[in-house]
Amino acid sequence: AQSVTQPDIHITVSEGASLELRCNYSYGATPYLFWYVQSPGQGLQLLLKYFSGDTLVQGIKGFEAEFKRSQSSFNLRKPSVHWSDAAEYFCAVISDGGFQKLVFGTGTRLLV
Amino acid sequence: DAGITQSPRHKVTETGTPVTLRCHQTENHRYMYWYRQDPGHGLRLIHYSYGVKDTDKGEVSDGYSVSRSKTEDFLLTLESATSSQTSVYFCAISGGRSYEQYFGPGTRLTVT
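Only a predicted model underlies this, so the values are computations on that prediction, with no experimental measurement involved.

Below, the discussion takes up the overall build of chain B. Helix and strand counts for chain B come out as zero helices and eleven strands. In sequence order, the secondary structure elements of chain B are arranged as β-β-β-β-β-β-β-β-β-β-β. Counting only C-alpha atoms, chain B reaches 40 × 30 × 25 Å along its principal axes. Here the contacts in chain B between residues at least 6 apart in sequence split such that 55% fall between residues at least 24 apart. When the accessible surface of chain B is summed, it comes to about 5,300 Å², and 46% of that surface belongs to carbon and sulfur atoms. Chain B carries 12 positive and 12 negative side-chain charges, and their two centres are separated by 2 Å.

Right under this line is the structure:
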């Protein structure tokens, strides 16, 4: 079964520092991958997605992610973090394309 | 923002009582989902719908039922609420070829 692992429960970075959040997936074929962000008390907002093609994808709010098939990873990065980036971040993979179902990681809480 | 509303936004109920949560969309999307979010677990799929009157179970469906009599409405019912169902419940919709899911603002349910 498809699964997603986010190994870091919490990460603390200083404002202006760079950020990398880790995501590893388990999926047999080429995965459809997503990163979502959840601000406190809010729903989830899509940051970016990868389906195919260029392995470096750009998203909103200055975020980017790189798909590495050899490492089964889809890490999220930002070169300079702002205090408003403090939130919880979820990586997800499509588990059933027919019904567009997602499997989520357990999330990483970013403290700035 | 995608047009998704959830009601109620907050609810406190007693063990053993029935509870119904409503998700309403204005996007005419085919797929609708109910998730629960708990610390350390991320988001877990409860039930989903792929059309009017077409629903299926997700990962954590025990104790929950759903109904979808109209495209725009997806109801989640706890037949007899238990304390283990205290959680934040999110509705999501999907329907395009992009496989993106759009989330509602959530309902915080407390079962005492």
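Turning our attention to the side chain of threonine 107 of chain B. With respect to the secondary-structure elements, threonine 107 of chain B resides in strand S11 (residues 107-111). For threonine 107 of chain B, the side chain forms a polar contact with the main-chain oxygen of proline 8 of chain B, separated by 2.6 Å.

This part is about the pairing of strand S8 (residues 73-78) of chain B. Residue and element names in this part refer to chain B. Among the six residues of S8, five are classified as buried, and the element is accordingly described as predominantly covered. Pairing geometry for strand S3 (residues 19-25) and S8, over six bridges, is antiparallel. Bridge pairing links threonine 20 to threonine 77 in S8. Relative to S8, strand S7 (residues 64-70) runs antiparallel, the two sharing five bridges. Across the sheet, the residue bridging to valine 66 is leucine 76, located in S8.

So, about the state of the cysteines. Every disulfide links exactly two cysteines, by a covalent bond between their sulfur atoms. Residues and elements named next belong to chain B. In total, this model carries two disulfides over all chains according to the counting rule given. The residue that forms a disulfide with cysteine 23 is cysteine 91, at a sulfur-sulfur distance of 1.9 Å. An S-S torsion of about -70° defines the bridge between cysteine 23 and cysteine 91 as left-handed. Here cysteine 23 is found in strand S3, whereas its partner cysteine 91 is found in strand S9 (residues 87-94), with 68 residues between them in sequence. Its relative accessible area of 0% is what places cysteine 91 among the buried residues.

Counted by the stated rule, this structure contains 19 aromatic pairs over all chains. A ring pair is formed by phenylalanine 104 of chain A and tyrosine 35 of chain B, whose centres lie 5.5 Å apart and whose planes are at 90°; its orientation type is edge-to-face. Here phenylalanine 104 of chain A, found in strand S11 (residues 101-104), pairs with tyrosine 35 of chain B, found in strand S4 (residues 31-38), and the two come from separate chains. The residues phenylalanine 104 of chain A and tyrosine 35 of chain B share a single accessibility class, namely buried. A network of ring pairs unites the aromatic residues Tyr32, Phe34, Tyr36, Phe51, Phe90 and Phe104 of chain A together with Tyr33, Tyr35, Tyr48, Tyr50, Tyr99 and Phe103 of chain B as a single cluster.

Calculation rules
Residues numbered from 1 in each chain as written. Chains lettered and ligands numbered in written order. Predicted model: local features only at pLDDT ≥ 70, side-chain atom pairs only at ≥ 80, totals over all residues. Heavy atoms only, no water. Helix = DSSP H or I, 4+ residues; strand = E, 2+ residues; numbered from the N terminus. Contact = heavy atoms within 4.5 Å. Areas by Shrake-Rupley, 256 points an atom, 1.4 Å probe, with all protein chains shown as cover. Lys, Arg positive; Asp, Glu negative; His and termini not counted. Charge placed at Lys NZ, Arg CZ, Asp CG, Glu CD. Polar contact = N/O pair within 3.5 Å; in protein donor to acceptor, adjacent residues only side chain to side chain. Buried < 20%, exposed > 50% of the residue type's maximum accessible area, 1.4 Å probe, protein only. Pairing = 2+ DSSP bridges. Disulfide = S-S within 2.5 Å. Phe/Tyr/Trp six-rings, centres within 6.5 Å; stacked < 30°, edge-to-face > 60°.

Shape descriptors only; they carry no functional weight alone.
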